[in-house]
Amino acid sequence: MITVGIDVGSLSTKVVVLNQDRIMAHEVRSTGVDAKKASQEAMDTVLNKAGISFQDVESIVCTGAGKKKVPFEAQQATEVMCDARGGCHLYPKANGLIDIGGENCRAIKCDAKGNVIDFALNDKCASGTGIFLDAMAKALRVNPEEMGELSLQSTQDIEVTSMCSVFAESEVVSMIHRRTPKNDILRGIHKSIASRIYGLANRILLEGELIVLGGIAKNIGLIATLKELMASDLIVPDEPEIVGALGAALLAREREE
Amino acid sequence: MGTIDIMRDIVENPQRIIEDWKSDGKKVVGHRCLYVPEEIIHAAGMLPYPTFGTPEPITKADSYFQPCVCEFIRNLFDLGLDRKFDFLDSLILCNTCDGVRHLKSMWSTYIDSVPCYIINNPQKMYDESGFKFYRHELEMFKGMMEDLSGNKITDESLRKSIELFDETRRLLKELYMLRKRDVPPISGSEALIVSMASMLMPKEKANPLLRQLIDEVKTREIENADGPRILITGSIIDNPALIQLVEDMGGVVVVDDLCSSMKYFWYETKPNPDPMDAIVKFNLERAVCACMHPSQQRFDYLKELAREFKVDGIIYFLIKYCHTFTYESPTYQEKLEEETPTLTLEVDHSLSGLGQLRTRVQAFIEML
Amino acid sequence: MTIEATTPGKETFTPGRFGLKASEEIFMATFAYYAGLKAAKEEGRPVIWAYGVTPREIFHAVDAPVFYLEHVPFLLGFQQIGSHYMQIAEEHGFSKDVCTSHRCFIGCGLGSEQEREPILEGMFVEPDLIIAGNYPCMSESKAFLCIADRYDCPYYFIDTPINTWGKDPPDYAIEYFEGQLKGALDFMGEHGFNLDWDKLKETVRLSKQILLLFKEIDELRKAIPAPMSSMDGLVTALLLIQVLPPSTVITLYEKVLKEVKERVEKKEGALEEEKLRLMFFGVPPTFNMGVLDSVEKYGAVFAKSLLECAQGGMFDPSGIESFMDPEKPLESIAYRTLVDLINPTSEAMVNYMVGAVKDFNIDGVVAVVKRSCGLIPPYLRQIKDAVYKETGVPTTIFDLDGLDTRDYDDVTTRINLESFIETLLASKRR
């Protein structure tokens, strides 16, 4: 059975095509301002990659902030469910997941069978997420992809104390003016994000083996800082941002059966 | 080593006191908030141990409490979960605020290693019916302490304990009164260390040390006494580093009205043939805690202190999420400012964000 | 000064659905009560400001017109203008960390005439006396101070012991609290509100009747399908209704009971097929009660809500027959107040929740955290763990302040509800 999962996030749209358990193809692209257009284009691209046509797809589930905007017939599922399904499919022994998205963070606790037993979402504040990191990258004039590595080269522990991303940005700007080394500022920023994430995970007593999802999971600096804070084993899948879409595709199959 | 250094060592390493005490096979009863009568614990032959916190960030407690609960309480719970209070044979709390009440339930539910009990004190002062109610509660508490220790508490033993603790209070007050001088003999952070050490130690040991200290500092003068004279108030500030911060910014801290200092010892027990009655009245006739009604006495007591100690500015440290003190802050601010410039500062118990705090304190002190 | 819809999403807020005609009647009557206060003031009768959890019988017994400090924020919340008053309080120096309900009425009290919007203007009367106290939380004991200062009015402080004894508070505790209540009555007597003991006994007798009716209505919420909507539950809980004279409350409750009985007989509920029965715990979003109704599209209903700030009433009315004795009016009121679930410490509430989840056939508990509240959020974990341990029913906990539109995040609230429901449905299918 061929199913498709689409995760329409605030920053990026991810699509996964599944044939039973096997991923045939996947696609990640920027959502931009038009989620409808982004999801259509992503779908077209991924079908092409998989070498199939739209008619071959038996069922679609979509998730993410823009899940209601997809221009084709699809069921919906929450990100919590999709993350859990996808993550536990890849790592059945995981005790939970942390998804660090563009605009939102999620902490999810699973049982041995991959069922969700508890979850916590971050509040309105953006400072645990992709948008915050992007803003910091701009302020520091570094490439977002390099942020993690640079932070690991820091030689000093700097504290970024503001809890709010808006204030944190002005704090960082004043650090830049004081000529604080970029790497140290980056480390401080990563620590700040890590402590927000840790706070979220702590609300549901998340421990043990945890999967880290979302594009930001590729930030080695953040993962290193998280590992320092949390007494847990952190697993980062090869493609951490598509796990939600994978879970959606798996759900699509489950619901058909 | 000067007496202050000895006391600093005690505050930084209180476990030695515990080890000494327990090696004699005796018990230790932890307590929090001023309405747990230490004299009753002492009269039963046990060590009353004030549970102070540590300036560490909150970890596990946030999974139990929501993050919107007083940080001090969450810190105590963290320490409890980490088994850092396992040396206590019992933890006694009292009815002072929402946070403490919750600590009681949470502790009893999640921490097996130390039994926890809460004394139901009234929150109204100077009231005969309140005295009666509190007396009943204290009789129950006395029975509990007798059961825990295996010792009977007689009127005589209680009287002796009251005398001993009053002596500590008198000595601490005597020391603090020396700070009225134009150049005080000890700094604010030193004073807090002395106060906390005296609370932690058995009073039999504290009293001679205090006498020794008063003698030592008779002619002492602190350096940097030129700055404005500051009165610090708040609740459970148990970290001398905070007082140090004010002094580093140029303030001369001459009064610290805190649960870890003056609130504990400024008043003493009045003579009374009935020692239990003496204890009841001692607690319910002193206006030191914001939980007690009416509040006007407390504002008056603070204004009187400000006058007596010729204070130039008042800094009021609010621990984040402390509802009791936070609610009063606009009223407090208004009343105190009638005579003395007052700054209210919200602090994290773990003292994060010190940089911002320094700036605000500095600006306030420069203005005075 | 007008209120602008600066809160994003405010345009999408929807009021809650009334399932019962009687609850709509109660809702209107509650607003009308406050208009009646203005009339009393104009007649020269002194008005008492009282914190909402004061045992209401003492006021009814002396016919006092009372402005209930925590009701008003709820009524303003329904009108979506509560935050305006919170802002006034903040401008007067009150931190955002103090209870939004209290911040709201402080703003009402400290605000100038211009700052009072038409809605509050219709309800607002200046206090002549204040009855204050520390039940059930420390915020109560402090929040009135600035009002007493501002209006320079005398007050009496009722000290309520916390409950460290469970269902059996000792005589000395009851006596102490009785003394406090008597003190309040004496105080009111000094200001012209004369106590008639027979009237007090009668008030307690009626109060007992009200509680028994409440109990009967509450029991019916166990029925499947759930006969009352979230709005019904909120409005008929003793929270709001207690402002009205006892005889009026009885009439209204009898109407509610009749309607609910009919609905139960006809098996009428919001949903024909209830896939999930949820319980709500905490202050619901008064300004957007529609969000609680919206779970119906997933086949879920809030069968029961554990209110919120049931003030002066009783969360758990079982056992009333035995302890409410009109011949011992103050003792009955004292006992009832001390053992009420909202009185710390938390054991009674935790035990009740475990029982309620079983009795009301609940599949999931939704508990919300009002960040500025020091009373309930701290023990949500205890409830969560106890309920899960004894019944296997999960609880989700997320932030929501039901009175302050400024902090409300509709998107996250809905995602929280949706995610919880989806995970519950998935576990049901297994």
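A quick note: this is a predicted structure, and the numbers were derived from the prediction, not measured. Throughout this description, residue numbers start from 1 for each chain and increase along the sequence as written. Here the convention is simple: chains get letters from A, ligands get numbers from 1, in the order in which they are written. Local features are withheld for residues below a pLDDT of 70 in this predicted model, meaning they are given only at 70 or higher, and side-chain atom pairs are given and counted only at 80 or more; totals for whole chains, interfaces and linings count all residues.

Undergrad: Account for the overall build of chain A, naming residues and giving values.
TA: Where helices and strands are cited, they refer to DSSP runs of H or I of at least four residues and of E of at least two residues respectively, numbered from the N terminus. Summing up its helical and strand segments, chain A has eight helices and ten strands in all. Both definitions apply: the radius of gyration is a C-alpha atom measure, and the globule rule equals 2.2 Å times residues to the power 0.38. Taken over C-alpha atoms, the radius of gyration comes to 19 Å for chain A, in line with the 18 Å a tight globule of 257 residues would show. Along the three orthogonal principal directions, the C-alpha set of chain A runs to about 60 × 40 × 30 Å. To sort residues by exposure, count the other C-beta atoms lying within 10 Å of each residue's C-beta; 20 or more gives buried, 12 or fewer gives exposed, and values between give partly exposed, all with C-beta atoms placed from the backbone. In chain A, which comprises 257 residues, the share counted as buried stands at 53%. For chain A, long-range pairs separated by at least 24 residues make up 70% of all intrachain contacts whose partners lie at least 6 apart in sequence. Residues are defined as contacting one another if the C-beta atoms placed from their backbone atoms lie within 7 Å.

Undergrad: Residue-level account of the sheet that holds strand 7 (residues 313-319) of chain B, with values.
TA: Where strands meet in a sheet, backbone hydrogen bonds hold them as pairs that are either parallel or antiparallel. Residue and element names in this part refer to chain B. Only when DSSP finds a minimum of two bridges between them are two strands counted as paired. Strand order in the open sheet made by the four strands is 6-5-7-8, with parallel pairing throughout. The open sheet has two edge strands with one neighbour each: strand 6 (252-257) and strand 8 (342-347). Neighbouring strand axes in the sheet, compared pairwise and without regard to direction, differ in orientation by 25° on average. Relative to strand 7, strand 5 (residues 229-234) runs parallel, the two being bridged by five bridges. Counted as the bridge partner of Leu231 is Ile314 from strand 7. The axes used here are C-alpha line fits, helices contributing only the stretch in contact, and every angle between their N-to-C directions lies in the interval 0 to 180 degrees.

Undergrad: Help me get a handle on the sheet that holds strand 9 (residues 209-213) of chain A, residues and values and all.
TA: Residues and elements named next belong to chain A. The mixed open sheet is built from five strands, whose spatial order is 8-7-6-9-10. Of all the strands in the sheet, the pair left with one neighbour each is strand 8 (116-121) and strand 10 (233-235). Neighbour to neighbour, the strand axes of the sheet diverge by 20° on average, direction disregarded. Alignment of strand 7 (residues 105-110) against strand 8, held across five bridges, turns out to be antiparallel. Note that in strand 8 the partner of Lys109 across the bridge is Asp118. In the packing of helix 2 (residues 79-90) onto the sheet, contacts are made with strand 6 (96-100), strand 7, strand 8 and strand 9, and the angle to strand 7 comes to roughly 55°.

Undergrad: Give a detailed account of the interface of chain B and chain C, specifying residues and quantitative values.
TA: In this assembly, 38 residues from chain B lie in contact with 40 residues from chain C. Elements that contribute at least two residues to the side of chain B that touches chain C include exactly helix 6 (98-110), helix 7 (128-149) and helix 15 (323-337) of chain B. Broken down by element, the residue count for the side of chain B that touches chain C peaks at nine residues, all from helix 15 of chain B. Throughout this entry, Asp, Glu, Lys and Arg are counted as charged residues, while Ala, Val, Leu, Ile, Met, Phe, Trp, Tyr, Cys and Pro are counted as nonpolar. The remaining residues, Gly among them, count as polar. Broken down by class, the residue content of the side of chain B that touches chain C amounts to 13 nonpolar, 19 polar and six charged.

Undergrad: Go over the confidence of the model for chain B with me, naming the residues and quoting the values.
TA: The predictor attaches a confidence to each residue, called pLDDT, with possible values from 0 through 100. Averaged over every residue, the pLDDT of chain B is 94; the share at 70 or more is 100%. Both confidence scores are given for the complex: pTM 0.93, ipTM 0.94.

Undergrad: Got a sec to walk through the interface of chain B and chain A? Specific residues and values, please.
TA: Listed as interface residues are six residues of chain B and, on the opposing side, five residues of chain A. Secondary structure elements with two or more residues in the side of chain B that touches chain A: helix 4 (61-64) and helix 16 (354-367) of chain B. When grouped by side-chain class, the residues that make up the side of chain B that touches chain A number no nonpolar, five polar and one charged.

Undergrad: Describe in detail the confidence of the model for chain A, supporting the description with residues and values.
TA: In this model, chain A carries a mean pLDDT of 89, and residues with pLDDT of at least 70 account for 97%. By mean pLDDT, helix 5 (residues 165-177) of chain A is the weakest element of chain A at 80, and strand 4 (residues 59-63) of chain A is the strongest at 96.

Undergrad: Give me the nonpolar core: which residues, what numbers.
TA: What makes a nonpolar core is a set of buried Ala, Val, Leu, Ile, Met, Phe, Trp, Tyr and Cys residues, with links drawn between C-beta atoms within 7 Å. One finds Ile197(A), Ala248(A), Ala249(A), Ile131(C), Leu278(C) and Met279(C) to be the most contacted residues of the largest nonpolar core, which totals 331 residues. Aside from chain neighbours lying at most four places away, what touches Ala248(A) is Gly5(A), Ile6(A), Asp7(A), Val61(A), Cys62(A), Thr63(A), Ala77(A) and Cys82(A).

Undergrad: Could you give me a rundown of the pairing of strand 2 (residues 12-19) of chain A, with the residues and numbers involved?
TA: Each regular strand carries side chains that alternate between the two faces of the sheet. Residues and elements named next belong to chain A. With respect to burial, strand 2 is a largely interior element, seven of its eight residues being buried. The pairing of strand 1 (residues 2-8) with strand 2 spans seven bridges and is classified as antiparallel. Note that in strand 2 the partner of Thr3 across the bridge is Leu18. Hairpin geometry of strand 1 and strand 2 is characterised by an intervening segment of three residues between the two adjacent antiparallel strands. Sheet topology places strand 2 next to strand 3 (residues 22-30); eight bridges connect them, and they run antiparallel. Residue pairing across strands places Asn19 opposite Arg22, the latter belonging to strand 3.

Undergrad: I'd love a proper account of helix 16 (residues 329-339) of chain C, names of residues and values included.
TA: Within an α-helix, residues lying three or four positions from one another point in the same direction, as the helix has 3.6 residues per turn. All names here are of chain C. The element helix 16 is extensively covered by neighbouring structure, given that nine of its eleven residues are classed as buried. Those residues of helix 16 that sit buried are Pro329, Leu330, Ser332, Ile333, Ala334, Tyr335, Arg336, Thr337 and Leu338. At its buried positions, helix 16 is contacted by helix 2 (57-61), helix 9 (171-190), helix 10 (197-220) and helix 15 (320-323).

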